[in-house]
Amino acid sequence: MSAPSDHRPPPDTARRPAGGGTRPWYRVERVLVGCGLGLLPWMVVLAGGLPTVDVTGRRHVVWIGLDALECLGLIATGLLAERGHRLYPLTATATGTLLVVDAWFDTMTAAPGAERVSALAMALGAELPLAVVCVVLAAKGLARLMPPLPAVPVSPVVPQEPPSPGPAAWLRVLHLPESPSSSAR
């Protein structure tokens, strides 16, 4: 039995800079990983800053959990996309969805005033743009993974006139007896 092999696609040479140098540091995949890592300290700030008055008493756990999932999704998407793994469109889609949900819940549950302005700034400045990046990355990844459609040969359609029925056919349609000269044909 042979050892499992690593089935990585060949490196994408179209993305490399001219001259075959290393990839630039600002690649989308690396930005996603950086944003995910940047969420880690934010979760600490969030854990200490959320109001404790809540009907369920678990509001801080919900928000920290949502941000933890976003963090995980951004890091996983960035790392999988960097390696060209075939599953990164799925993680990008899930992460983009989480970011939109977070933006929606933040803005809808924020109190009027400074809290709502802060929620809108976070949604418009970070969460929604990152969601767009994730969706675009997922769409490009899916397009790259889809097999090409088979070429269908196109033949020109030449209209043909239907064959004209002979007189004997019309006689049969009209239920008339055929003459001896038409049946001899």
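Placed above this text is the structure.
A. Representation of the pattern of salt bridges within the structure. As enumerated under the stated definition, the model contains two salt bridges in all. Arg27 is paired through a salt bridge with Glu29; the nearest N and O atoms lie 2.9 Å apart. The residues Arg27 and Glu29 share a single accessibility class, namely buried. Note that Glu82 is salt-bridged to Arg30, the shortest N-O span being 3.3 Å. Here Glu82, found in helix H2 (residues 59-83), pairs with Arg30, found in helix H1 (residues 28-49); they are 52 residues apart in sequence, far enough to count as distant. For Glu82, a relative accessible area of 24% corresponds to the partly exposed category. Given a relative accessible area of 35%, Arg30 falls into the partly exposed group.

B. Quick peek at the nonpolar core. Leu32, Leu74, Leu99, Leu130, Cys134 and Leu137 are the most contacted members of the largest nonpolar core, which has 14 residues in total. Looking at this core, the elements that each hand over two or more residues are H1, H2, helix H3 (88-109) and helix H4 (114-145). With five residues, the single largest contributor to this core is H4. If sequence neighbours within four positions are ignored, Leu32 has contacts with Leu74, Ile75, Thr77, Gly78, Leu130, Val133, Cys134 and Leu137.

C. Looking closely at the side chain of Glu127. Along the chain, the position of Glu127 falls in helix H4. Excluding residues within four positions of it along the chain, Glu127 makes contact with Leu99, Asp102, Ala103, Asp106 and Met122.

D. Expanded view of H1. Relative to the 32 Å expected for 22 residues at 1.5 Å per residue, H1 spans 31 Å between its end C-alpha atoms, a close match to the ideal helical length. When the local axis directions of H1 are compared, the greatest deviation, roughly 30°, occurs at Pro41. Residues Glu29, Leu32, Val33, Gly36, Leu39, Met43 and Leu46 constitute the buried set of H1. Buried-residue contacts for H1 involve H2 and H4.

E. Main features of the packing of H3 against H4. The interhelical angle for the contact between H3 and H4, taken along N-to-C directions, is 165°, at an axis separation of 8 Å. Considering their axes alone, H3 and H4 lie roughly antiparallel with respect to each other. As for how H3 packs across H4, the hand of that crossing is left-handed. Residue classes in the contact of H3 with H4 are distributed as 17 nonpolar, six polar and six charged.

F. Structural context of the side chain of Arg27. Take Arg27: it is sitting in the segment before H1. Given the relative accessible area of 10%, Arg27 is considered buried. At 2.9 Å, the side chain of Arg27 forms a polar contact with the side chain of Glu29.

G. Summary view of a nonpolar patch on the surface. Where nonpolar side chains cluster on the molecular surface, the patch consists of Val100, Leu120, Leu124 and Leu128 and spans about 340 Å² of accessible area. Broken down by element, the nonpolar patch gets its largest block of residues, three residues, from H4. You can see Val100 is positioned in helix H3.

Here is what the cut-offs are and how they apply
Residues numbered from 1 in each chain as written. Predicted model: local features only at pLDDT ≥ 70, side-chain atom pairs only at ≥ 80, totals over all residues. Heavy atoms only, no water. Salt bridge = Lys/Arg side-chain N within 4 Å of Asp/Glu carboxyl O. Buried < 20%, exposed > 50% of the residue type's maximum accessible area, 1.4 Å probe, protein only. Helix = DSSP H or I, 4+ residues; strand = E, 2+ residues; numbered from the N terminus. Core = buried A, V, L, I, M, F, W, Y, C linked by side-chain atoms within 4.5 Å. Contact = heavy atoms within 4.5 Å. Expected span 1.5 Å × (residues − 1). Bend = angle between axes of the 7 residues up to and from the residue. Axes fitted to C-alpha atoms, helices over the stretch in contact; angles between N-to-C directions. Parallel < 35°, antiparallel > 145°, perpendicular 65-115°, else oblique. Left-handed = near helix turned anticlockwise from the far one by under 90°. Nonpolar A, V, L, I, M, F, W, Y, C, P; charged D, E, K, R; others polar. Polar contact = N/O pair within 3.5 Å; in protein donor to acceptor, adjacent residues only side chain to side chain. Patch = residues over 30% accessible without salt bridge, like charges linked within 9 Å, V, L, I, M, F, W, Y side chains within 5 Å. Areas by Shrake-Rupley, 256 points an atom, 1.4 Å probe, with all protein chains shown as cover.

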